[in-house]
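Listed below, chain by chain, are the residues.
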Amino acid sequence: MPDTDHPADGLSEAALLEGLVQGDGAAYEQLVRQQGGRMLAVARRFLRRDDLAEDAVQEAFLQAFKNIARFEGGSKLSTWLHRIVVNACLMRLRKASRSRETSIEDLLPRYGADSHRLEPAGEWVETGEAAAELREQQELVRASIDKLPESYRNVLLLRDIEQLNTAETAKLMDLSINATKIRLHRARQALRQILDPHLRADAR
Amino acid sequence: MPADVPPNLPPDQSMTCHEFTDFIMAWLDGELPPAQKAVFDEHMDICGDCVRYLENYRKTVALGQAAYAPVTEKALREEVPEELVQAVLAARRLGRD
């Protein structure tokens, strides 16, 4: 996750940065070991394949190394690297998306002439706290997120999972602020719709 | 209707379920102007279906946020494969030479 740090192994952030700027190999290794796992987790969320995720992380590191002198310290190194790997993943997804995106319309609420939703909402069950149950629920939600049309999935990941703000998300997705908000709202509604049959209390 | 555009409703007018649904995100983000928020809140007092929909929506956001969180202590520390570390460092050396 973006703004949390593991306890630093070795050099402090300032000393690490100094080492990177000086071209110190040990500083580069420390950076990769400290940040690589977290960046890989981000890339796996977007790309869903280990080999593609590892390629994106490698590309992100090389890009970061090239631009290290331009890192201004306004944010943490971890936040800066997080943005770079997210961007590397989105570029890859953009290149790979060959066909037209599926429509989200079927996953949005439908309304009658009186403006009521045609399908009434039901109460959802509460999940237990046992690890096995939580894991099962996480798998269900991840599989459901994967069913969203790609640009909606990406906006949901950027805003709700990677915790980027609307302006950052809009910039990465090349959308207006307004379009980004609409897409997030629709993505959440569609995810609700996909989860609904699994979580309705009256369906169990 | 756009999710972030405040509803253009006079304060004394009620909101439909469709409008309510469109404004859920703005309401959750605290972005509805007071008069519109009052109309939104009023709709909740009279429409159980929209209250349930709002609860589902909130739960969806929470479930999404929790979907990738590590469940066990063991998973808390995200490990980076040694091969990836070596590949990155080798690619850097290659780029310098």
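Along the backbone of chain B there are 6 helices and 0 strands. Within chain B, the fraction of its 97 residues that count as buried is 29%. In chain B, of all internal contacts separated by at least 6 residues, the share reaching a separation of at least 24 is 53%.

When its secondary structure is counted, chain A shows 8 helices and 0 strands. Along chain A, helices (α) and strands (β) appear in the sequence α-α-α-α-α-α-α-α when read from the amino end. Each principal axis of the C-alpha distribution contributes one length, and for chain A these read about 65 × 40 × 30 Å. For chain A, the proportion of its 204 residues judged to be buried stands at 33%. For chain A, the proportion of contacts with a sequence separation of at least 24, taken over those separated by at least 6, is 64%.

If you look at the interface, chain A gives 47 residues, while chain B gives 36 residues. When contributions to the side of chain A that touches chain B are tallied by element, the ones reaching two or more residues are α2 (25–47), α3 (50–66), α5 (131–146), α6 (150–161) and α8 (177–199) of chain A.

Residues and elements named next belong to chain A. Looking at chain A, the domain boundaries give domain 1 (13–96) and domain 2 (128–203). Centre-to-centre separation of domain 1 and domain 2, based on C-alpha positions: 24 Å. At the junction of the two partners, domain 1 supplies 8 residues and domain 2 supplies 8 residues. Every element with two or more residues in the side of domain 1 that touches domain 2 is listed here: α2 and α4 (77–96). Ranked by residues supplied to the side of domain 1 that touches domain 2, first place goes to α4 with 4 residues.

All right, on to the environment of I68 of chain A then. Residue and element names in this part refer to chain A. With respect to the helices and strands, the residue I68 is situated in the loop between α3 and α4. Separated by 45 residues in the primary sequence, I68 and G23 place their C-alpha atoms 9.8 Å from one another. I68 has contacts with L20 and V21, leaving out every residue within four places of it along the chain.

Quick look at the confidence of the model for chain B now. Residue and element names in this part refer to chain B. On average, chain B scores 84 in pLDDT, and the residues at 70 or more come to 77%. No element of chain B has a lower mean pLDDT than helix α5 (residues 73–76), at 52, and none a higher one than helix α2 (residues 24–28), at 97. Within the model, the stretch residues 1–7 combines pLDDT values under 50 with 20 contacts to residues more than four positions away or in other chains. The complex model carries a pTM of 0.85, and its ipTM stands at 0.85.

Here the focus is the packing of α8 of chain A against helix α4 (residues 48–66) of chain B. With their axes 9 Å apart at the nearest point, α8 of chain A and α4 of chain B run at an angle of 95° to one another. The orientation of α8 of chain A with respect to α4 of chain B, classified from their angle, is roughly perpendicular. Mapping the contact onto sequence places R188, L191, R192, L195 and D196 of chain A in α8 of chain A and N56, Y57, T60, V61, L63 and G64 of chain B in α4 of chain B.

It is characteristic of soluble globular proteins that their nonpolar side chains tend to be buried jointly. Judged by nonpolar contacts, the single largest core of 61 residues is most densely connected at A43, A56, V57, A60, V85 and L156 of chain A. In terms of residues, this core owes the most to one element, α2 of chain A, which gives 10 residues. Look past the residues within four positions of L156 of chain A in its chain and what remains in contact with it is I145, L148, L184, A187, R188 and L191 of chain A together with G64 of chain B.

The next point concerns the environment of T102 of chain A. Of note, T102 of chain A is situated in the loop between α4 and α5. Counting along the chain gives 45 residues from T102 of chain A to K147 of chain A, while the straight-line C-alpha distance between them is 10.0 Å.

Calculation rules
- Counting starts from 1 at the beginning of each chain's written sequence and moves along it residue by residue.
- Each chain is given a letter, starting from A, and each ligand a number, starting from 1, according to the order in which they appear as written.
- Local features in a predicted model are, by the rule used here, given only for residues with pLDDT of at least 70; side-chain atom pairs are given and counted only at 80 or more, and totals for whole chains, interfaces and linings are based on all residues.
- Only DSSP runs of H or I reaching four residues or more are called helices, and only runs of E reaching two or more are called strands; each is numbered from the N terminus.
- Counting other C-beta atoms within 10 Å of its own, a residue is labelled buried from 20 upward, exposed at 12 or fewer, and partly exposed in the gap between, with every C-beta atom placed from the backbone.
- Our contact criterion uses C-beta atoms placed from the backbone: two residues qualify when those atoms are within 7 Å.
- Domain delimitation in this document rests on an assignment produced automatically or drawn from a domain database.
- Per residue, pLDDT measures the predictor's confidence, with a range of 0 to 100.
- Inter-axis angles, ranging from 0 to 180 degrees, are taken between N-to-C directions of lines fitted to C-alpha atoms, where helices are fitted over the stretch in contact.
- Orientation categories follow fixed angle ranges, with anything under 35 degrees roughly parallel, anything over 145 roughly antiparallel, 65 to 115 roughly perpendicular, and all other angles oblique.
- Buried Ala, Val, Leu, Ile, Met, Phe, Trp, Tyr and Cys residues form a nonpolar core when they are connected through C-beta atoms within 7 Å.

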